[in-house]
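# Fold and contact review
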Amino acid sequence: MTENNEFPKAYEPQNHEDKIYNTWLESGLFNPDNLPGERTENFSMVLPPPNVTGTLHLGHAVMLAIEDIMTRFARMRGKRALWVPGTDHAAIATQTKVEKLLIKEGIEDPRRTLGREEFLNRVKKFASESHDTIVHQTKKMGASLDWSRECYTLDEDRNKAVNTVFKMMYEDGLIYRGHRVINWCPRCKSTLADDEVQHKETTGKFYTFKYDKNFPISISTTRPETKLGDTAVAIHPADERYQKYIGQTIAADFCGQKLNIKIISDEEVDPAFGTGALGVTPSHSQIDAEMAYKNDLTFVTVIGEDGNMTPEAGSFSGLSALTARQKIVEILEEQGLLEKIEDVPQNLSICYRCESTIEPLPKLQWFIGVNRPFKFHASTHAPIEGIIEGQEVTLKQLMQHVVRTNQIKIVPEQFVNTYFHWIDNLRDWNISRQIWFGHQVPVWYRENEIVVGSEPQGDDWKRDEDTLDTWFSSGLWTFSTLGWPDKTKDFEMFHPNTIMETGYDILFFWVSRMILMTTYAIGEVPFKNVYLHGLVRDEQGRKMSKSLGNVIDPLLMIEKYGADATRLSLVVGTSPGNDMKMSEEKIAGYRNFTNKLWNIARYVLTTVGEVKGFEGKEREGKTLADKWILGRLSEVVEKVTSHLEKYEFSQAGELLRDFTWSDFADWYLEISKVQKKQPELVASTDAVLLFVLETLLKLWHPFMPFVTEELWKNFGSEKMLIVENWPKFEQKENTQDKIRFERLKEIIEKIRNWRAENKVEPKEKINLSLIVGEYFEIFKDTVSLEAIKVLARVENLVIDESAEKNFDYQFKIDRQIDSGKERERLEKELSEVQKYLVDLDGKLANEEFTSKAPAKVVESMKQKKEEAAKKAEALSQQLKNI
Ligand SMILES: [Zn+2]
């Protein structure tokens, strides 16, 4: 606002947000190196890098809102605040997405059609466009990220970090190559980590049969086609039914396939499940593979990577698994071997990217051994407590240690147990993927030679074709973004990160893998705190999805209601770890609130004398209302600060909203108008108004950066609000003042309620006499008395001091009536009644009418005449009384 310009009546976010964001960008203040003043404390955080697969959704918006609040709060508190942006190449997700797009364009089997190089070019082009969209959208949310430090999980510097860690782990014996039964997605044509496998409840058929008519034991399975690869039958060691067979190897002819079945005993077998005997298929089940290693069983792979039967499946070779199953069931039926088919609930394993059914099969893969001991690399920079250099530990132990000893704190706490439970069940991590988009495994082979880390000199070296699981590179994110393995100033200053903020749904995928990678490679924790937010759902608590049509697009919301309102709606009324319900109405509601703040500021700034040069003078306040609002403000500053320190964003926002709307706008602003009628109170009232507004803008800034920065311009400060100091205001609270003012509020509220109950129109003034005792002092104050009169619309206020000292208060209300208007109203009503009477008299005097009309009608008319006469009498009496 300038002196010549009108202060706009409403806040139009569209007119301001982009301009303000650009001003911040130009100021360079998102970069901690450029922050003013001496800053000794650090605050650092990485943005969980959004995948370059699409556009920003509400889940990202929640993350950006919460993290920006954290960062702005830290910056205003004088810390070197760094929030690092970046994007994730999301290997398998991006490749799958591009494949689908290419198929839509009519390119069948894109990988084979285009070849590695051209295919990768297409993926990179898509990733780059997607990156630009996401960055643009992130800026729209007002995120104060240091774009000069932006990273990408697949760029050169990150590749250096990936190869370095891979080599370290290989040399420590943690990374190994092995033939293991892995999760195979026949559609993605890649392995998946255990936690990339999702489960779907379905109904399956459970078949009970014998391999052949001579085989002594019946077995049950939902997948008869895999039985072509069986090499054992396992039974519980205590199961008496089958004791005599243990240790034998029995030949069987299973639908024409020659099997050699060893009868083994294993504690894992449930004797009450099915027939109590388990056909063991080492190649196509991870549990069976474990039994196979223990019992030295043969692996026979009957299903291939294309999901079809292999030559090892004999006459079934080339059939799809499903066709083979149907054929086997037919043969078993013909041979009279099928004992029963039951419908059973089945927990089907599916690919988390494309939902194809997972096929477990053995494959030569790279793994990280989580239970293998190695010699710990301690950090001298920010060492982990409790483990020393060279001490023998496993990755699992490290991951447990740092959380158990509180060197990493998780909010909300209930996720600590979830974390430990996950680690207990963690198996070796399969890190190689058969896709092209990603960090290629840094391993080169030449005959029996193998080189790990970087490309060797000489000819005939062949590089491993697989790429690494995307979580391998994002697991290094807290330190690879700071320039590691180079010893940079950034790394020295900002590692470990202060906090990791992300959705609880990626606690395992990502958070735990960062803990694994960082404690191993750096000997430090990646971050000191973890804050997990909930997922965004619709009003009915359903997941948002395209098919349900309930998706709320954050960009559209920003366009309609502004970024500030969108941010507030995602933060206030939510709690960590719990899912939140969102609706457009909620966002619209917060748009009204941003407008409310605008209007409050507009009123203050356009009614006070001089804004510039205001430096919070006269903070003591002169009146009861001044002292009360300053006391309340001091309480709010303290509580909001403490809530934000404890990551209680919603509580901080609710407190601020109630203070702004109720205490400041509804009460203090109104009373300030009364105060300013007394010339000697104008300057001090203005000072309080400005001071409260100034403090409020600072407190609101992390939540609503745009509208507060825009309003801040009116204060003529040299600094932008983004780097203003966080309020540290202390007003000695006077309890007496507080009680007195609350009492004044109470009286005004009671009178207002009385008016509402008695339907007294706002313009009508009333007379009030207050009988007072103990709290009499309140009413000696002319401002307070005037406040009652103005805020409760009282014409005459009489104070009756006759009550005893310890008497509280009581009030008597008289409606003050405008006699002229009342007479007019009564006269009008009387004349109407009299006219009616004349009419009735005339009818009753007409004999022709009375003789013909039914007696009942005549009787009723006489009654009406009597009533009307009485009413006329009463009205005449009221008129005399005036
Ligand atoms: Zn898949």
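Now for a description of the structure that goes with this document. In this text, all values refer to a predicted model and were calculated from it rather than measured experimentally. (Residues numbered from 1 in each chain as written. Predicted model: local features only at pLDDT ≥ 70, side-chain atom pairs only at ≥ 80, totals over all residues. Heavy atoms only, no water.)

Moving on, we come to helix 4 (residues 110-140). Between the first and last C-alpha of helix 4 there are merely 35 Å, a value that for 31 residues lags more than 12% behind the 45 Å anticipated at 1.5 Å per step. Taken as a whole, helix 4 carries its principal kink of about 100° at R116. Phi turns positive one or two residues past the end of helix 4, at G142, with a value near 90°. (Helix = DSSP H or I, 4+ residues; strand = E, 2+ residues; numbered from the N terminus. Expected span 1.5 Å × (residues − 1). Bend = angle between axes of the 7 residues up to and from the residue.)

What follows concerns the sheet that holds strand 18 (residues 429-430). In spatial order, the strands read 6-5-14-18; together these four strands make up an open sheet with antiparallel pairing. Because the sheet does not close on itself, it has two edges, and the strands there are strand 6 (190-192) and strand 18. (Pairing = 2+ DSSP bridges.)

Under the criterion given, the structure shown has 34 aromatic pairs. Plain terms: the ring middles of W24 and F30 are 6.3 Å apart, the flat faces sit at 50° to each other, and that makes the pair tilted. With respect to burial, W24 and F30 carry one shared label: buried. Through a chain of ring-to-ring contacts, three or more aromatic side chains come together here, namely F166, Y170, W366, W429 and F472. The ring of W147 has K139 sitting right over it, with the charged end atom 5.1 Å from the ring centre. The side chain of R513 reaches across the aromatic face of W429, ending 4.3 Å from its centre. (Phe/Tyr/Trp six-rings, centres within 6.5 Å; stacked < 30°, edge-to-face > 60°. Buried < 20%, exposed > 50% of the residue type's maximum accessible area, 1.4 Å probe, protein only. Lys NZ or Arg CZ within 6 Å of the ring centre and 35° of its normal.)

A few words now on the coordination of the zinc ion. Within the protein, the zinc ion binds to C185 (SG), C188 (SG), C351 (SG) and C354 (SG); these donor distances fall in the range 2.2 to 2.4 Å. With four donor atoms in place around the zinc ion and angles of 103 to 113° between them, the coordination shape is tetrahedral. Within one chain, the residues donating to the zinc ion are spaced in sequence as C-x2-C-x162-C-x2-C. Highlighted residues: C188 in the loop between strand 5 (175-185) and strand 6 and C354 in the loop between strand 13 (338-351) and strand 14 (359-368), separated in sequence by 166 residues. (Donors = N, O, S within 2.8 Å, 3.2 Å for Na, K, Ca; no water. Tetrahedral: all angles 85-135°; square planar, octahedral: opposite > 155°, others 65-115°.)

The next point concerns the nonpolar core. By size, the foremost hydrophobic cluster in this structure holds 123 residues, and its most contacted members are F664 and F703. Sorting elements by how many residues they give to this core places helix 2 (residues 58-76) first, with 12 residues. One finds I92, Y352, V393 and V530 within the second-largest nonpolar core, a separate group that totals 78 residues. (Core = buried A, V, L, I, M, F, W, Y, C linked by side-chain atoms within 4.5 Å.)

A word on helix 3 (residues 91-104). For helix 3, built from 14 residues, the straight-helix expectation of 20 Å at 1.5 Å per residue is met to within 8% by its first-to-last C-alpha distance of 20 Å. Every buried residue belonging to helix 3 is among A91, I92, A93, T94, Q95, T96, V98, E99 and L102, and all of these are buried. Of the surrounding secondary structure, the elements contacted by the buried residues of helix 3 are helix 4, strand 6 and helix 10 (470-474). (Contact = heavy atoms within 4.5 Å.)

Glancing now at the pairing of strand 5. Most of strand 5 is tucked away, with eight of its 11 residues classed as buried. With 10 bridges connecting them, strand 5 and strand 14 associate as antiparallel partners. In the sheet register, W184 faces strand 14, and the bridge partner there is E359. Across three bridges, strand 5 lies against strand 6 in antiparallel orientation. For W184, the partnering residue across the bridge sits in strand 6 and is T191. In this antiparallel pair of consecutive strands, strand 5 and strand 6, the connection spans four residues, and K189 shows a positive phi of 50°.

Following the sequence through the fold, R632 ends up in helix 17 (residues 624-645). The buried category is assigned to R632, whose relative accessible area is 16%.

This part takes up the sheet that holds strand 12 (residues 277-280). One open sheet holds the four strands; their spatial order is 10-11-9-12, and the pairing between them is mixed. This sheet does not close on itself; its edge strands, each paired only once, are strand 10 (249-254) and strand 12. Neighbour-to-neighbour, the strand axes of the sheet open up by a mean angle of 30°, direction not taken into account. The sheet contact formed by strand 10 and strand 11 (residues 257-265) spans six bridges and is antiparallel. Bridge pairing in strand 11 links F254 to Q257. Lying over the sheet, helix 6 (residues 286-295) contacts strand 9 (232-235), strand 11 and strand 12, oriented at roughly 85° with respect to strand 12. (Axes fitted to C-alpha atoms, helices over the stretch in contact; angles between N-to-C directions.)

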